[in-house]
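Structural features, examined
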Amino acid sequence: MDPCEMGRDLEKVLLTEEEISQRLTEMAAEIDADYAGREILLVGVLKGAAMVMADLSRKLAHDARMDWMAVSSYGSGTKSSGVVRIIKDLDTDLTGRDVLIVEDIVDSGLTLSWLAANLRSRGPASVEIAALLRKPCEAKVQVNVKYCGFDIPGEFVVGYGLDYGERYRTLPFVGTLAPHVYA
Ligand code: IMP
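Please read all numbers here as calculations on a predicted model, not as lab measurements. (Residues numbered from 1 in each chain as written. Predicted model: local features only at pLDDT ≥ 70, side-chain atom pairs only at ≥ 80, totals over all residues. Heavy atoms only, no water.)

Quick look at the overall build of the protein chain
Summing up its helical and strand segments, the protein chain has four helices and nine strands in all. Start at the N end of the protein chain and walk to the C end: the helices and strands fall as β-α-β-α-β-β-β-α-β-β-β-β-α. A globule of 183 residues ought to have a C-alpha radius of gyration of about 16 Å, and the protein chain, at 16 Å, matches this closely. Dimensions along the principal axes, computed over C-alpha positions, put the protein chain at roughly 50 × 35 × 30 Å. Taking all 183 residues of the protein chain together, 48% fall into the buried category. Put simply, of all contacts in the protein chain between residues at least 6 apart along the chain, 67% involve residues at least 24 apart. (Helix = DSSP H or I, 4+ residues; strand = E, 2+ residues; numbered from the N terminus. Rg over C-alpha atoms; globule rule 2.2 N^0.38 Å. Buried < 20%, exposed > 50% of the residue type's maximum accessible area, 1.4 Å probe, protein only. Contact = heavy atoms within 4.5 Å.)

Structure representation (structure tokens):
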């Protein structure tokens, strides 16, 4: 999506494409070091994590495996319902695997804490979390995000995979929307 096309919907750019790319490079180096000699199974959470997964995975020196889950805890509004439903499950048996969940954003933490517990119950060797964004002031449950890109304020953000009512996902940066969009 051409940022210019967003016109007056965009309030401000929070993280540029370059800032995101640089931080993902650092995160990939940490992950490579921590998982030396082990095979990583990256589990992306659709649809929001698509961009993070694509860019982070290509920065890894590891030849990681990849699988996807789709869960739902949001409607078209901006607040988590806390009720998580699996829409698409993994194709991979997790027994004995080192699983790294790749997420776009941790807001209340309800989705990820549920998901991590769900994956841990499947007999993996380990389950860790990598998330591009985290809103510490919105946390309702404690989630251990081992690889966190950026802590951001408690504003609703879009772009780089994140949507508002299925729009704005394809923006190459992360930004906030003008208040009239929510009205
Ligand atoms: P949580 O359960 O409140 O942590 O919410 C997790 C999910 O809600 C994320 O994976 C996103 O899909 C969505 N979400 C939370 N905050 C935002 C936001 O600021 N913009 C877009 N989606 C969000």
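Alright, that's what it looks like, and here's the rest.
Observations regarding the nonpolar core
With 26 residues, the main nonpolar core has Leu24, Ile31, Leu100, Leu132 and Leu133 as its most contacted residues. For this core, the element with the highest residue contribution is helix 1 (residues 17–34), accounting for five residues. Residues contacting Ile31, with those up to four places away along its chain left out, are Ile40, Leu56, Leu60, Leu100 and Tyr147. (Core = buried A, V, L, I, M, F, W, Y, C linked by side-chain atoms within 4.5 Å.)

Details of the sheet that holds strand 4 (residues 85–88)
Read across the sheet, six strands follow the order 4-3-2-5-6-7 without closing on themselves; strand pairing throughout is mixed. Lying at the two open borders of the sheet, with one neighbouring strand each, are strand 4 and strand 7 (147–151). Within the sheet, the average angular offset between the axes of one strand and its neighbour, ignoring direction, is 30°. The strands touched by helix 1 are strand 2 (40–46), strand 5 (98–106), strand 6 (126–134) and strand 7; relative to strand 7, the strand with the most contacts, the crossing angle is about 155°. Against the sheet, helix 3 (residues 110–120) engages strand 2, strand 3 (65–72), strand 4, strand 5 and strand 6, with an angle of about 170° to strand 5. (Pairing = 2+ DSSP bridges. Axes fitted to C-alpha atoms, helices over the stretch in contact; angles between N-to-C directions.)

Notes on the sheet that holds strand 8 (residues 157–158)
Taken in spatial order, the three strands line up as 1-9-8 in an open sheet, and their pairing is antiparallel. On the outer flanks of this sheet lie strand 1 (10–15) and strand 8, each paired with one strand and no other.

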